[in-house]
Amino acid sequence: MSKHALATILFIGGLDADNVALASTLRDAGFRVTEALTGEQAFDLAREGPELIILGAGLPDEGGPDLGLRVKAVPAMAAVPLLHLDGCSAEGASRNGYADGYLRGPVGPQELLTYVRALLRLGQAEAARQASDNRLRDILDHAPVIVHVKDLEGKYRLVNRHWEVLFHLGREQVCGKGPHDVHPADQAEALLANDRLVLQTGAPLEFEEVVLQDDGVHTYLSVKFPLADASGRPSGVCGISADITRRKRAEEALRDSEALYHSLVEGLPVCLIRKDLRGRFTFANRAFCVALKKSLSDVVGKTDHDFYPADLAGKYQLDDRRVIELGEVFEDVEEHQDPEGAATYVQVLKAPLRDSRGEIIGMQGAYWDITARRRAEAEVGQTAAEFRVARRIQQRLFPRSLPFLPGLDIAVASFGFDIGGASYPAEAIGGDYYDFVPLSDGSLGIAIGDVSGHGVGPALLMAEVRAFLRAFAQTNAEVGEVLGLVNRALLPDVEDDRFVTLLLARLDPRTRRFSYASAGQQPGYVLDAAGQVRQVLGSTGPPLGIFPENACPTSEEIVLGEGDLVLLLTDGVADASAPDGTRFGVQRALDLVRARRHEAAWEIVQDLYHAVRAFGHNLAQYDDITATVIKVSGPARQAGGAALSKAPGPSGAQ
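The following paragraphs examine the structure supplied in this document.

Reading the values: rules and limits
Residues numbered from 1 in each chain as written. Predicted model: local features only at pLDDT ≥ 70, side-chain atom pairs only at ≥ 80, totals over all residues. Heavy atoms only, no water. Buried < 20%, exposed > 50% of the residue type's maximum accessible area, 1.4 Å probe, protein only. Helix = DSSP H or I, 4+ residues; strand = E, 2+ residues; numbered from the N terminus. Pairing = 2+ DSSP bridges. Axes fitted to C-alpha atoms, helices over the stretch in contact; angles between N-to-C directions. Contact = heavy atoms within 4.5 Å. Salt bridge = Lys/Arg side-chain N within 4 Å of Asp/Glu carboxyl O. Arc of directions from axis to C-beta. Patch = residues over 30% accessible without salt bridge, like charges linked within 9 Å, V, L, I, M, F, W, Y side chains within 5 Å. Areas by Shrake-Rupley, 256 points an atom, 1.4 Å probe, with all protein chains shown as cover. Core = buried A, V, L, I, M, F, W, Y, C linked by side-chain atoms within 4.5 Å. Disulfide = S-S within 2.5 Å.

1. What to know about the pairing of strand E11 (residues 271-276)
Put simply, side chains in a regular strand alternate between the two faces of the sheet.
Logical step 1: Counting buried positions along E11 yields five of six residues, so the element is predominantly enclosed.
Logical step 2: In the sheet, E11 pairs with strand E15 (residues 360-369) via six bridges, with the strands oriented antiparallel. Bridge pairing in E15 links Cys271 to Tyr367.
Logical step 3: The pairing of E11 with strand E12 (residues 281-284) spans three bridges and is antiparallel. Looking at E12, one finds that Arg274 is bridged to Phe283.
Logical step 4: Taking the residues between adjacent antiparallel strands as the criterion, E11 and E12 are bridged by four residues, where Gly279 takes a positive phi near 80°.

2. Brief notes about the sheet that holds strand E16 (residues 417-424)
Pairing between the strands of a sheet comes from backbone hydrogen bonds, and it takes one of two forms, parallel or antiparallel.
Logical step 1: In spatial order, the strands read E16-E25-E24-E21-E22; together these five strands make up an open sheet with antiparallel pairing. Pairing within the sheet leaves two strands with one partner each, and these edge strands are E16 and strand E22 (533-537). In this sheet, neighbouring strand axes are inclined to one another by 15° on average, regardless of whether the strands run parallel or antiparallel.
Logical step 2: Pairing between strand E21 (residues 524-527) and strand E24 (residues 565-569): three bridges, direction antiparallel. Across the sheet, Tyr525 pairs through a bridge with Leu567, a residue of E24.
Logical step 3: This element, helix H18 (residues 601-615), spans E16, E24 and strand E25 (625-632) of the sheet and lies at about 30° to E16.

3. What to know about unusual backbone geometry
Logical step 1: Its identity as a non-glycine residue notwithstanding, His617 has a phi of 55°, on the positive side.
Logical step 2: The phi dihedral of Asn618 falls on the positive side, at around 55°, and the residue is not glycine.
Logical step 3: As for its position among the elements, Asn618 is in the loop between H18 and E25.

4. What to know about the pattern of salt bridges
Logical step 1: Within this structure, the stated rule accounts for 32 salt bridges.
Logical step 2: Lys224 is paired through a salt bridge with Glu209; the nearest N and O atoms lie 2.8 Å apart. Of this pair, Lys224 sits in strand E9 (residues 216-228) while Glu209 is found in strand E8 (residues 205-213), placing the two residues 15 residues apart along the sequence. Just as Lys224 is buried, Glu209 falls in that class too.
Logical step 3: A salt bridge links Arg583 to Asp575; the shortest N-O distance between them is 2.6 Å.
Logical step 4: Its relative accessible area of 44% is what places Arg583 among the partly exposed residues.
Logical step 5: Through salt bridges that share partners, Lys150, Asp195, Glu209 and Lys224 make up one connected network.

5. A short note on helix H3 (residues 64-72)
Logical step 1: Listing the buried residues of H3 in full gives Gly64, Leu67, Gly68, Val71 and Lys72. Taken down its axis, H3 places every buried residue within 125° of arc, on the same side.
Logical step 2: Looking at the buried positions of H3, the neighbouring elements they touch are strand E1 (8-12), helix H2 (39-46), strand E3 (52-55) and strand E4 (82-84).

6. Looking at a nonpolar patch on the surface
Logical step 1: Residues Val210, Leu212 and Val217 make up a contiguous nonpolar surface patch of about 230 Å² in total accessible area.
Logical step 2: We classify Leu212 as partly exposed; its relative accessible area is 42%.

7. Some words on the nonpolar core
Logical step 1: Core analysis: the biggest nonpolar cluster contains 46 residues, and Ile419, Ile446, Leu469 and Phe514 have the highest contact counts within it.
Logical step 2: By residue number, the principal contributor to this core is strand E19 (residues 500-508), which donates six residues.
Logical step 3: If sequence neighbours within four positions are ignored, Phe514 has contacts with Ala505, Arg506, Leu507, Leu537, Glu556, Glu557, Ile558, Leu560, Val566 and Ile630.
Logical step 4: Counting 26 residues, the second largest nonpolar core, distinct from the first, contains Ala422, Ala576, Ala589 and Leu592.

8. Some words on the sheet that holds E3
Logical step 1: Read from one edge to the other, the open sheet built from five strands follows the order E2-E1-E3-E4-E5, with strand pairing classed as parallel. At either end of the open sheet lies a strand with only one pairing partner, and these are strand E2 (32-36) and strand E5 (101-102).
Logical step 2: Alignment of E3 against E4, held across three bridges, turns out to be parallel. Residue pairing for E4: Leu55 is matched across the bridge by His84.

9. Structural notes on the state of the cysteines
Logical step 1: Inspection of the entire model under this criterion finds zero disulfides.
Logical step 2: Here Cys289 stays unpaired: no disulfide links it, and the sulfur of Cys271, its closest cysteine neighbor, is 8.9 Å away.
Logical step 3: Note on Cys289: relative accessible area 9%, which makes it buried.

This is the structure we're talking about:
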């Protein structure tokens, strides 16, 4: 059977004998033939998709050329071969563009079959070409890459759908235009330069090309190759371009990350190493190589036994094995000896090295010299111990109880006095001072003072002040004169930036007469039984250690009554501040003492300290805090020596 046996032919023509005979010939040759007797019938049958149309003569309603033109105007019919048997000249049929073949009658059966088979082969070839073009178009339009073809002048001849979407131009708009119509001038020129290079070499080449898109500049990896015509001459350039912008950005980010990692690893003053499962070095940073006095190439592939004594290398490998087997971090401080035999210390940190699957593939470690730190810690510890001893010594300088005065049993408050004081240094030791000293006339001296600054220097100076004051108080009961003697004795030992404020009061328990001299000391206060300020004890002279002749006259005597309270304090109380800078101030101190005036003297001092610390949110204390409270708790003693009622004994420093 013929390979055209199943081909469908639409035969259009009247019922004359020639048409009938020709249709019969086609059927006898194995073709399927449908016949149309009018133009309208033929036009309807043509839509059913015949593989060949034969236009005969004798149509009653429409001429052959008109019908041929109308059929070929339908897009689906344009590719179907059409054979015109009669009705016009061959030149006319060709010129009008509707006929693919022409036979002028009379037409013999063999001649007809020859033409029919030739036209069918032509139609099949055209259909195959069209199908191939369609398949290629589908492939190109669904490819996630840019495909473009340019001619020798650099004009676009073909672009795929991905190109259209990215650059917002349809193929019918861009064909015939060049890169300068689509891209910025510099980018367009770079694209054309690559095209010219491909044509010059006559071979496929690969380029990285940049083009501007809606979201910025993108980088493409383009493969470009020359195209040739049927004669083998160059006809253009085809390019296939894949967007590698994300890859380029990832590569750049990776390079940046590696640079930062390298900067970190090589810049840290820490030795960093990595080893494989067999204990061989796979990496070491510059610090390690410098310490070992080896290059990296001399380190990689070696083990600890190549660089360290056997016992030390064995310890290192044992530690590495523990990290690898347990999968845990190992931390240690190792003690070694330097070439001179001195002890050195190294902080070691080792951790398992894992791959992307989480499998342990080795060990990574870091170590750094902490010898200086360990020595500093030892020195700090020794200093702290020394300060603890100094603090205990200084605290012993503060009175633990009131002194014994001959003939007066003050220690049990026979005369109705309750006296307490305490000092809280800002550091281990401080420059504040308070004291209870017996005077030469049998009265009680009460001192409170402050050396400028705080710490070791002020503490030593205050110890000297205490020694001088106690010595001069044994021979003199006039408090102003005592301060003058202390000033003259102290002056050679006071540096230019130091001075001492000091208040020395004289209390006669028998008469309750109270007087004082103050060398620039923070004012004190006498409160009555209701807690109101009865008198302010202001300064009577300049601080000690400044002027050779320091006049600090003694105040007028104050007679204390039952329920009176004397508050003496240093500036560490008033100057204490909250985190926002608000000062505690004198008024808060007076308010607290007024509210606590019925408590024991020592308890009032302790409450005042805790209030100051709470006001500062218990942050670092910037100055020493010292206070003394004198309470008159009983009636005055009558002449003849009747005892006063007893009150709680005084409390010393904590």
